[in-house]
Amino acid sequence: MENKIKVLTIFGTRPEAIKMAPLITEIEKNSEYFESIVCVTAQHRQMLDQVLHLFNIKPDYDLDIMKNNQNLWSLTSDVLLKTKDVIEKVNPDVVLVHGDTTTSMAAALSAFYAKIPVGHVEAGLRTFNKYYPFPEEINRVFADSICTYHFAPTDESCENLIKSQIPEEHIYKTGNTVIDALLYTVKNIDESKYNFNLNPNLKTILLTSHRRENFGEPIKNICKACLELAEKNKDIQIVYPVHPNPNVKEPVYELLGGKDRINLIQPLEYEEFCALMKMSHIILTDSGGVQEEAPSLGKPVLVLRDTTERPEAVKYGTVKLVGTDKDKIVSNVQLLLDDETEYKRMSESVNPYGDGLASKRIVEVLKKVK
Ligand code: UD1
Ligand code: UDP
């Protein structure tokens, strides 16, 4: 193609990188149509670099904005100001952002100010509660209101966009690119390479938690539930790759550090984390991405939140919302440990989020951008 379509992809955190990686690969495979430019804000530094390394992505621009214990105000203004320069220099035909982080919201706004059309990957997720998750619900509503191309993963997310008055002709149901990343990664995993210092004779419970609305008492309740479960069940071990946010790391190490059969570890590279999900018996999480991945690996997921913008696997019964009350977490895990029928019911493999072809569908839409 003589006049190639210039696509500027902007992302900054671990989950955005994992979910954008297969799309960047697909855009770059179609180099006769596209000129691909990648800009990372590095809202996350170390956790972003892990993904860039794994998927061999070499950004054209690295804004390197992460500060220790950063706040939403400075983060938003840094993304807005620093992406301005990149957008003006590149002058792309379309900017792509992902999901609901502050990077996505502020980069979409930045492109809008430059009157560049924006494509939103993972559009249309909603809880319809502005503080849950915070600030993600408003970030995605805001991004959706700015974007021209809405790449929605499921029927539910398409319906949410229609309810939000987004014109139907701008909505594309594509599946979620997380499944593209997951299927590609698990295909290449050699699980025997990993042991994470786990005892193969014990059942592994994998925990991840990082949400802002769980800071303070909720995260302490989650830790106390783990202590009680490990104390009651000598045949389990809990493994927790701890998110580096100081609001998570400090209370978690204080309450769970050095405890018997509770293994606190550094955030894992995506491939290692997929191996760990596969090796686990039960997954406890407040993560969005893990809620989407674990059901297709046939792992029961207990979600440490009261609401979710990912209701699909809850409907299938493989994901259950348990909130952050200590006793409720303990009783739900105990039920899965004690009741084989319930465990079997929740560990059926379902995959409502995609078929591994989302990036290809998005690229077909992008081919028509100009
Ligand atoms: C961010 C996103 C959240 C997403 C999550 C995924 C916002 C407001 N929040 O939350 O939507 O679910 O990422 O993990 O966009 N840190 C490091 N190294 C890293 C990453 C983070 O040290 O590689 C520490 C830093 O002290 C940093 C802090 O964690 O200031 C918080 O990072 P931030 O991106 O603001 O919030 P998250 O809780 O990671
Ligand atoms: N993940 C990872 N290493 C870890 C923990 C999680 O690679 O130690 C992956 C996980 O498989 C998922 C993504 O990170 O794809 C989720 O990121 P996170 O929970 O930080 O963010 P969220 O999805 O909640 O926005």
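See above for the structure.
Cut-offs used in this document
- Residues numbered from 1 in each chain as written.
- Chains lettered and ligands numbered in written order.
- Predicted model: local features only at pLDDT ≥ 70, side-chain atom pairs only at ≥ 80, totals over all residues.
- Heavy atoms only, no water.
- Buried < 20%, exposed > 50% of the residue type's maximum accessible area, 1.4 Å probe, protein only.
- Helix = DSSP H or I, 4+ residues; strand = E, 2+ residues; numbered from the N terminus.
- Arc of directions from axis to C-beta.
- Near = heavy atom within 4 Å.
- Polar contact = N/O pair within 3.5 Å; in protein donor to acceptor, adjacent residues only side chain to side chain.
- Areas by Shrake-Rupley, 256 points an atom, 1.4 Å probe, with all protein chains shown as cover.
- Nonpolar A, V, L, I, M, F, W, Y, C, P; charged D, E, K, R; others polar.
- Phe/Tyr/Trp six-rings, centres within 6.5 Å; stacked < 30°, edge-to-face > 60°.
- Patch = residues over 30% accessible without salt bridge, like charges linked within 9 Å, V, L, I, M, F, W, Y side chains within 5 Å.
- Salt bridge = Lys/Arg side-chain N within 4 Å of Asp/Glu carboxyl O.
- Axes fitted to C-alpha atoms, helices over the stretch in contact; angles between N-to-C directions.
- Parallel < 35°, antiparallel > 145°, perpendicular 65-115°, else oblique.
- Left-handed = near helix turned anticlockwise from the far one by under 90°.
- Contact = heavy atoms within 4.5 Å.
- 1 Å grid on protein atoms, 1.4 Å probe; cavity = no way out; pocket = protein on both sides within 12 Å on 5 of 7 lines; lining within 4 Å.
- Points joined across faces, edges and corners; volume = space filled by probe spheres on them.
- Pairing = 2+ DSSP bridges.

Section: helix α15 (residues 358–366)
Logical step 1: Turning to α15, its buried residues are A358, S359, I362, V363, V365 and L366. An end-on view of α15 places all buried positions within 155° of arc, on one side of the element.

Digging into the site of ligand 2
Logical step 1: Taken together, 15 residues sit near ligand 2, with R14, L268, S287, G289 and E293 positioned nearest.
Logical step 2: Residue R211 places a side-chain N or O atom 3.1 Å away from an oxygen atom belonging to ligand 2.
Logical step 3: In this structure, G289 approaches ligand 2 through a main-chain N or O atom, which is 2.7 Å from an oxygen atom.
Logical step 4: Taking 540 Å² as the accessible area of ligand 2 by itself, protein coverage stands at 95%.
Logical step 5: Breaking the shell around ligand 2 down by element, the ones donating at least two residues are α1 (14–29), α10 (270–279) and α11 (288–293).
Logical step 6: In terms of residue count, α11 provides more of the shell around ligand 2 than any other element does, 4 residues in total.
Logical step 7: Here the residues of the shell around ligand 2 sort into 8 nonpolar, 4 polar and 3 charged.

Here's the deal with the site of ligand 1
Logical step 1: Close to ligand 1 lie 24 residues; Q43, H44, Q46, K67 and E136 are nearest.
Logical step 2: The backbone of M47 places a nitrogen or oxygen atom 2.8 Å from an oxygen atom of ligand 1.
Logical step 3: The contact in question runs from an oxygen atom of ligand 1 to an N or O atom on the side chain of N68, over 2.9 Å.
Logical step 4: When the free accessible area of ligand 1 is taken as 750 Å², the share hidden by the protein chains comes to 96%.
Logical step 5: Breaking the shell around ligand 1 down by element, the ones donating at least two residues are α2 (46–54) and α3 (72–90).

Quick notes on the packing of aromatic side chains
Logical step 1: Considering all chains together, one arrives at 7 aromatic pairs under this definition.
Logical step 2: Taking 6.2 Å as the distance between ring centres and 45° as the angle between the ring planes, the aromatic pair formed by Y33 and F34 counts as tilted.

Some thoughts on a nonpolar patch on the surface
Logical step 1: Taken together, Y131, Y132 and F134 make up a surface patch of nonpolar side chains, about 310 Å² in accessible area.
Logical step 2: Locating F134 in the fold gives a position in the loop between β5 (118–121) and α5 (136–146).
Logical step 3: For F134, a relative accessible area of 32% gives the class partly exposed.

Structural notes on the packing of α1 against α15
Logical step 1: At a minimum axis distance of 9 Å, the contact between α1 and α15 shows a crossing angle of 50°. By the angle class used here, α1 and α15 are oblique. As for the relative orientation of α1 and α15, their crossing is right-handed in sense. Packed against α1, whose contacting residues are P22, L23, E26, I27 and K29, the element α15 presents S359, K360, I362, V363 and L366 at the interface.

Here we look at the layout of surface pockets
Logical step 1: The calculated volume of the second largest pocket comes to roughly 340 Å³.
Logical step 2: Forming the boundary of the second largest pocket are 16 residues, of which P22, T25, K29, D180 and Y184 lie nearest the centre.
Logical step 3: Those elements that provide at least two residues to the lining of the second largest pocket are α1, α7 (177–187) and α15.

A word on the sheet that holds strand β11 (residues 282–285)
Logical step 1: Strand order in the open sheet made by the 6 strands is β10-β9-β8-β11-β12-β13, with parallel pairing throughout. Pairing within the sheet leaves two strands with one partner each, and these edge strands are β10 (262–265) and β13 (319–321). Taken over all neighbouring pairs, the strand axes of this sheet differ in orientation by 20° on average, direction set aside.
Logical step 2: Two elements, strand β8 (residues 203–208) and β11, share 4 bridges in a ladder whose sense is parallel.

Details of the pattern of salt bridges
Opposite charge on two side chains permits them to pair, given that their charged atoms come into close proximity.
Logical step 1: Scanning all chains against the criterion turns up 32 salt bridges.
Logical step 2: We note a salt bridge from K173 to D155, for which the minimum N-O separation is 3.0 Å. Here K173, found in strand β7 (residues 171–173), pairs with D155, found in helix α6 (residues 155–163); they are 18 residues apart in sequence, far enough to count as distant.
Logical step 3: Residue class for K173 comes out partly exposed when judged on its relative accessible area of 48%.
Logical step 4: Classification of D155 as partly exposed rests on a relative accessible area of 43%.

Quick look at the side chain of E213
Logical step 1: Position of E213 among the secondary structure elements: in the loop between β8 and α8 (217–232).
Logical step 2: Its relative accessible area of 18% is what places E213 among the buried residues.
Logical step 3: In this structure the side chain of E213 is engaged in a polar contact, spanning 3.2 Å, whose partner is the backbone nitrogen of F134.
Logical step 4: Non-local contacts of E213, meaning those with residues more than four positions away in its chain, are made with Y132, P133, F134, P218 and R305.

Quick notes on empty space enclosed by the protein
Logical step 1: Following the criterion strictly, the structure yields 1 cavity of 30 Å³ or more and no others.
Logical step 2: The computed volume of the largest cavity comes to approximately 40 Å³.
Logical step 3: Around the largest cavity sit L125, P153, T154, N176, E292, E309, R310, E312 and Y353, which together line it.
Logical step 4: For the lining of the largest cavity, the residue count by class is 3 nonpolar, 2 polar and 4 charged.

With respect to the sheet that holds strand β1 (residues 5–11)
Logical step 1: Spatially, β3-β2-β1-β4-β5-β6-β7 is the arrangement adopted by the 7 strands of the open sheet, whose pairing is parallel. Two strands bound the open sheet, and with one partner strand each, they are β3 (61–62) and β7.
Logical step 2: Bridge count between β1 and strand β2 (residues 34–40): 7 bridges; the pairing is parallel. Considered in β2, the bridge of K6 is made with E35.
Logical step 3: Strands β1, β2, β4 (94–98), β5, β6 (149–152) and β7 of the sheet are contacted by α15, whose axis makes an angle of about 165° with β6.

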